[in-house]
Structure formats: C-alpha cells, structure tokens
Amino acid sequence: MVGTMRARPPRFAVAAIFLAVAFVLGACGGEAGVRPADAGGPPDTEPGAAPVISAVTWTPAAGCRVGVSGKFTIVVTVTDADTPAASLTFSGSVASCFPAIVQNPAEVTCPNVQPYPGTVTVSDPQHHTATQFFTVLPCTAGTAP
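Quantities reported herein were computed from a predicted structural model and do not represent experimental measurements.

Reading the values: rules and limits
Residues numbered from 1 in each chain as written. Predicted model: local features only at pLDDT ≥ 70, side-chain atom pairs only at ≥ 80, totals over all residues. Heavy atoms only, no water. Helix = DSSP H or I, 4+ residues; strand = E, 2+ residues; numbered from the N terminus. Buried < 20%, exposed > 50% of the residue type's maximum accessible area, 1.4 Å probe, protein only. Contact = heavy atoms within 4.5 Å. Pairing = 2+ DSSP bridges. Axes fitted to C-alpha atoms, helices over the stretch in contact; angles between N-to-C directions. Salt bridge = Lys/Arg side-chain N within 4 Å of Asp/Glu carboxyl O.

**Q** I'm lost on the environment of Val 66 in this one. Help?
**A** Relative to the helices and strands, Val 66 is located in the loop between strand 1 (52-60) and strand 2 (70-79). With a relative accessible area of 61%, Val 66 lands in the exposed category. Residues Val 66 and Cys 139, spaced 73 residues apart in sequence, show a C-alpha to C-alpha distance of 6.2 Å. Excluding residues that lie within four positions of it along the chain, Val 66 makes contacts with Asn 112, Pro 138 and Cys 139.

**Q** Quick question: what am I supposed to make of the pairing of strand 1 here?
**A** As a general feature of sheets, a regular strand has side chains that alternate between the two faces. Pairing between strand 1 and strand 2: 8 bridges, direction antiparallel. Across the sheet, residue Thr 59 finds its bridge partner in strand 2, namely Thr 73. Both strand 1 and strand 7 (residues 142-144) contribute to a ladder of 3 bridges, which runs antiparallel. Residue pairing for strand 7: Thr 57 is matched across the bridge by Thr 143.

**Q** Looking at this structure, how should I read the sheet that holds strand 5 (residues 116-123)?
**A** In sheet architecture, strand pairing relies on hydrogen bonds along the backbone and comes in two forms, parallel and antiparallel. The strand order across the open sheet built from 3 strands is 3-5-6, with neighbouring strands paired in antiparallel fashion. Edge positions in the sheet fall to strand 3 (89-94) and strand 6 (129-136), since each has one partner strand and no second. Across this sheet, the average inter-strand angle for adjacent strands is 15 degrees, counted without regard to direction.

**Q** Before we go on, may I ask you to explain the environment of Ala 130 in this structure?
**A** As for its position among the elements, Ala 130 is in strand 6. Through-space distance from the C-alpha of Ala 130 to that of Pro 51 is 5.8 Å; in sequence the pair is 79 residues apart. Non-local contacts of Ala 130, meaning those with residues more than four positions away in its chain, are made with Pro 51, Ile 53, Val 120, Thr 121 and Val 122.

**Q** Any chance you could explain the pattern of salt bridges here in plain terms?
**A** Close approach of charged atoms lets side chains of opposite charge pair. In this structure the tally under the stated criterion is 1 salt bridge. Of the charged contacts in the structure, one is a salt bridge between Lys 71 and Glu 107, with a shortest N-O distance of 3.5 Å. You can see Lys 71 sitting in strand 2 and its partner Glu 107 sitting in strand 4 (residues 106-110), a full 36 residues away along the chain.

**Q** Would you mind showing me how to read the sheet that holds strand 2 here?
**A** Strand order in the open sheet formed by 4 strands is 4-2-1-7, with antiparallel pairing between adjacent strands. A single partner strand is all that each edge strand has here, and the edge strands are strand 4 and strand 7. For this sheet the average axis-to-axis angle between neighbouring strands, irrespective of direction, equals 25 degrees. Pairing between strand 2 and strand 4: 5 bridges, direction antiparallel.

**Q** Got a minute to help me understand the side chain of Asp 80 in this structure?
**A** Within the secondary structure, Asp 80 sits in the loop between strand 2 and strand 3. Residue classification places Asp 80 among the buried positions, given a relative accessible area of 10%. When residues no more than four places from it in sequence are discounted, the contact partners of Asp 80 are Ala 49, Ala 50, Pro 51, Leu 88 and Asp 124.

**Q** I tried to follow the pairing of strand 5 on my own but got confused; where do I start?
**A** Summarising burial for strand 5: 6 of the 8 residues are buried, a large majority. Looking at chain direction, strand 3 and strand 5 are connected through 6 bridges and run antiparallel. Looking at strand 5, one finds that Ser 93 is bridged to Thr 119. A loop of 5 residues connects strand 5 with strand 6, the two strands running antiparallel in sequence, and His 127 in this loop sits at a positive phi of about 75 degrees.

Just distances and angles here, no functional claims.
Dropping the structure here:
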C-alpha cells in the first residue's frame, strides 16, 4: 500500500507560495517586478520637509474670571520648508474645552476651574506631521514649548 500513495506537499508550503505570489502582485503595485518609488523604505520617508511647530500660544478673552467659562484664542506658530501655510491642516483639542482645534488661529471655551491639557497636530499634504502638547491654566496666557 505504501508504494501506491502519492506524496503531497505540506499544506503550509502551499499557503506560503500563495502568500508570496499575493505579496509580489498586490503589495508591489500589481505587476511582478515593479515597485512603487516609496517601497522598501520606512513609512516616514515621504519626500519633502515636515512642519515644525515653534510655539503654541493661548490668550484668555478680556474679563476672564476663574470658575466662569471663558474663551481662549490659540495660535500655532508653524513653518514648513516646502508647503505654503494655507496648505497645512490643524487638528487638536483641549480637555474639557470646546470646540476641537481645526484651524489656526482657533478659539476654544474652557470652564476655567483647573489646568486643561491640550494637543495640536499640524499636517502637510505629504503626510508629515508635527505635534505639540500644552496646558491651559484658568484665565492665564501662556506659550509652549
């Protein structure tokens, strides 16, 4: 009986071959032997410069009182060597304050009863980002870093 059985490849070998072919055809642009220009490098190797946040400043509205909700103006000072300022996008928030930061400058309303941690991220069209953390104190202007 042993002489009449045909040898079959192990199942893992078939799966490995299938995955290798799928990788070559799918992950490399759809054609065997053709690689996209950015394949093979780390994910953050997009060409161009990343934004650089030099400061985040916040200023309370005139007449601010501790314990009473009030507005703060938040300004992000940022440069990007190869991207005009109008092409940068902003996102972020300040805990317990609203609304989210989606533009520069931004205005948020905070309860003014405790310190509020915040973060802002600036992105450019090449998918580079810069992030800055800061803490807004009740009725107090400040700058980070």
